[in-house]
Amino acid sequence: MVPRGSRRYRASVKDAPLLRGSLPSRLVALFVGLVLIAVAIVAMLESRLGVPPWDVLHMGIAQHTPLTLGTAAVVVGLVIVAIAWIGGAPPGFGTIANAVVIGLAIDVFSAIGWVEQLSSASLGVRVGLVALGVWLFGVGSALYIGAGMGAGPRDSFMLALTRRTGWRIGIVRGSIEVTVLAVGLLLGGLAGIGTLVLALFVGPSVELSFWLLLRLGLADPLLQAPEFGPLDVA
């Protein structure tokens, strides 16, 4: 059950809740969440219906600078980490794990034979992959952020803006994704219908997943969570 004092979280979520449990259980949640995000990204890529909004931005930047696509992604990530840190969301163990685990997991899943064949599946299957990607982005984000060990660059930026504005997470994340997509398109990046779907629905997916953690009693609202650091035992 959700704690009595957290009634406002039932209608909307304005900050990431903190998962209950010991350090080992939160570490498991963190890594499971990151793997789910990797599966979501692979699903989006194999759908061939568009890349994530941030990659559209990276494409656009690469077209107007000497940076490669990968280098542009790194530079943007570092800038966002700095902005989020200034905004009150410092990096942590989860920030490093985000950068390492997701990339490695994407390589592993992409090398599986039947996964590679999904890109040539029917349109209906590929649309399903987009829907799966949006859903897993939300669940994975809720688990790894809820572990309370720091977040990746974009998620840290989302949390910093949410705390600064007081707006619900779904609105903040959606606004970020749509803005990034628009800038990327203006710079010449390429997008598809899957890109637009992810931009519009990943925010609500993340917020809904946080809400479910609270509703199921698996997490506490941040303001009511026990006082312990990200690497302390609860």
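This text goes with the structure placed above it.
Within every chain, residues take consecutive numbers counted from 1 along the sequence as written. Whole-chain, interface and lining totals are the exception, using all residues; otherwise, since this is a predicted model, local features are given only for residues with pLDDT of at least 70 and side-chain atom pairs are given and counted only at 80 or more. Excluded from the side-chain calculations are hydrogens and water; all other atoms, namely the structure's heavy atoms, are used.

**Student:** Would you take a moment to explain unusual backbone geometry for this structure?
**Tutor:** Leave glycine aside and you will find that most residues have negative phi; peptide bonds, for their part, are mostly trans. Positive phi values are uncommon outside glycine, yet Arg48 reaches one of about 55 degrees. Working definition: helices are DSSP H or I runs of at least four residues, strands are E runs of at least two. Numbering for both runs from the N terminus. For Arg48, the location among the structural elements is in the loop between α2 (23-47) and α3 (53-64). Only protein chains enter the accessibility calculation, which uses a 1.4 Å probe; a residue whose area is less than 20% of its type maximum is buried, one above 50% is exposed, and one in between is partly exposed. For Arg48, a relative accessible area of 53% puts it in the exposed group.

**Student:** How should I be thinking about the pattern of salt bridges in this particular structure?
**Tutor:** Oppositely charged side chains can pair when the atoms bearing their charge come close. The term salt bridge refers to a pairing of a side-chain nitrogen on Lys or Arg with a carboxyl oxygen on Asp or Glu at a separation within 4 Å. By the definition in use, this model includes 5 salt bridges. Put simply, Glu207 and Arg168 hold a salt bridge, and the shortest N to O gap is 2.8 Å. Of the two residues, Glu207 is situated in helix α10 (residues 193-215) and Arg168 in the loop between α8 (153-165) and α9 (169-186); the sequence distance between them amounts to 39 residues. Residues joined in a network through salt bridges with shared partners are Asp155, Arg173 and Glu177.

**Student:** Can you walk me through the packing of helix α4 (residues 69-86) against α8 in this structure?
**Tutor:** Helix packing for two helices is described by the angle between their axes and how far apart those axes are. Orientation is described by lines fitted to C-alpha atoms, with helices fitted over the stretch in contact, and by angles between N-to-C directions that extend from 0 to 180 degrees. Interaxial distance between α4 and α8 falls to 8 Å at its minimum, and their mutual angle equals 30 degrees. Taken together, the axes of α4 and α8 lie roughly parallel to each other. As for the relative orientation of α4 and α8, their crossing is left-handed in sense. Here Ala73, Gly77, Ile80, Val81, Ile83, Ala84 and Ile86 of α4 come into contact with α8, specifically with Pro153, Arg154, Ser156, Phe157, Ala160 and Arg164. Residue classes in the contact of α4 with α8 are distributed as 9 nonpolar, 2 polar and 2 charged. Our angle categories are set so that under 35 degrees counts as roughly parallel, over 145 as roughly antiparallel, 65 to 115 as roughly perpendicular, and the remainder as oblique. Note on convention: the crossing is left-handed when the near helix lies turned anticlockwise from the far helix by less than a right angle, right-handed when the turn is clockwise. Every residue pair with non-hydrogen atoms within 4.5 Å of one another is taken to be in contact. All residues other than Ala, Val, Leu, Ile, Met, Phe, Trp, Tyr, Cys, Pro, Asp, Glu, Lys and Arg, Gly among them, are scored as polar; the first ten of these are nonpolar and the last four charged.

**Student:** Just checking my understanding: could you explain a nonpolar patch on the surface for this structure?
**Tutor:** A patch consists of residues exposed above 30% relative accessible area that lack any salt bridge, with like charges linked at up to 9 Å and nonpolar side chains (Val, Leu, Ile, Met, Phe, Trp, Tyr) linked at up to 5 Å. Per-residue and other accessible areas were derived by the Shrake-Rupley procedure at a 1.4 Å probe size, with only the shown protein chains allowed to occlude residues. Side chains of Val178, Ile193, Leu196, Leu200 and Phe201 sit close together on the surface and give an oily, nonpolar patch of about 450 Å² of accessible area. With 4 residues, the single largest contributor to the nonpolar patch is α10.

**Student:** Looking at this structure, I do not really get the side chain of Thr195. What am I missing?
**Tutor:** With respect to the helices and strands, Thr195 occurs in helix α10. The exposure class assigned to Thr195 is buried, which follows from its relative accessible area of 0%. Contacts described as polar in this section are N or O atom pairs within 3.5 Å, which, within protein, must combine one atom able to donate a hydrogen with one able to accept it, while residues neighboring in sequence count only if both atoms come from side chains. Within the structure, the side chain of Thr195 is placed 2.7 Å from the backbone oxygen of Val51, a separation counted as a polar contact.

**Student:** What should I look at first to understand the layout of surface pockets in this one?
**Tutor:** Each cavity reported here is a set of points on a 1 Å grid over the protein atoms alone in which a 1.4 Å probe fits but cannot get out, each pocket an open set with protein on both sides within 12 Å along at least five of seven lines, and each lining residue one with an atom within 4 Å of a point. Grid points are joined across faces, edges and corners, and a volume is the space filled by probe spheres set on the points. Counted as a void, the largest pocket has a volume near 880 Å³. Ile41, His58, Asn98, Ile102 and Arg154 are, among the 34 residues lining the largest pocket, the residues nearest its centre. Along the lines of polarity and charge, the residues of the lining of the largest pocket split into 21 nonpolar, 8 polar and 5 charged.

**Student:** Would you mind going over the nonpolar core with me for this structure?
**Tutor:** Taken as a class, soluble globular proteins show a tendency for nonpolar side chains to be buried jointly. Formed by 54 residues in total, the largest nonpolar core has its most connected members in Ile145, Met158 and Phe210. Of all elements in the fold, only α2, α3, α4, α5 (93-110), α7 (123-146), α8, α9 and α10 reach the threshold of two or more residues within this core. Here the element with the most residues in this core is α2; it accounts for 11 residues. Those residues in contact with Met158 that lie beyond four places of it in its chain are Ile145, Ile169, Val172, Arg173, Ile176 and Val206. Among buried residues, those of type Ala, Val, Leu, Ile, Met, Phe, Trp, Tyr and Cys that are joined through side-chain atoms within 4.5 Å constitute a nonpolar core.

**Student:** Looking at this structure, how should I read α2?
**Tutor:** Because the α-helix completes a turn every 3.6 residues, residues three or four places apart line up on one side. Multiplying 1.5 Å by the residue count of a helix minus one yields the expected span of that helix. Along its 25 residues, α2 runs 36 Å from first to last C-alpha, staying within 8% of the 36 Å computed at 1.5 Å per residue. One or two positions beyond α2, positive phi appears at Arg48, with a value near 55 degrees.

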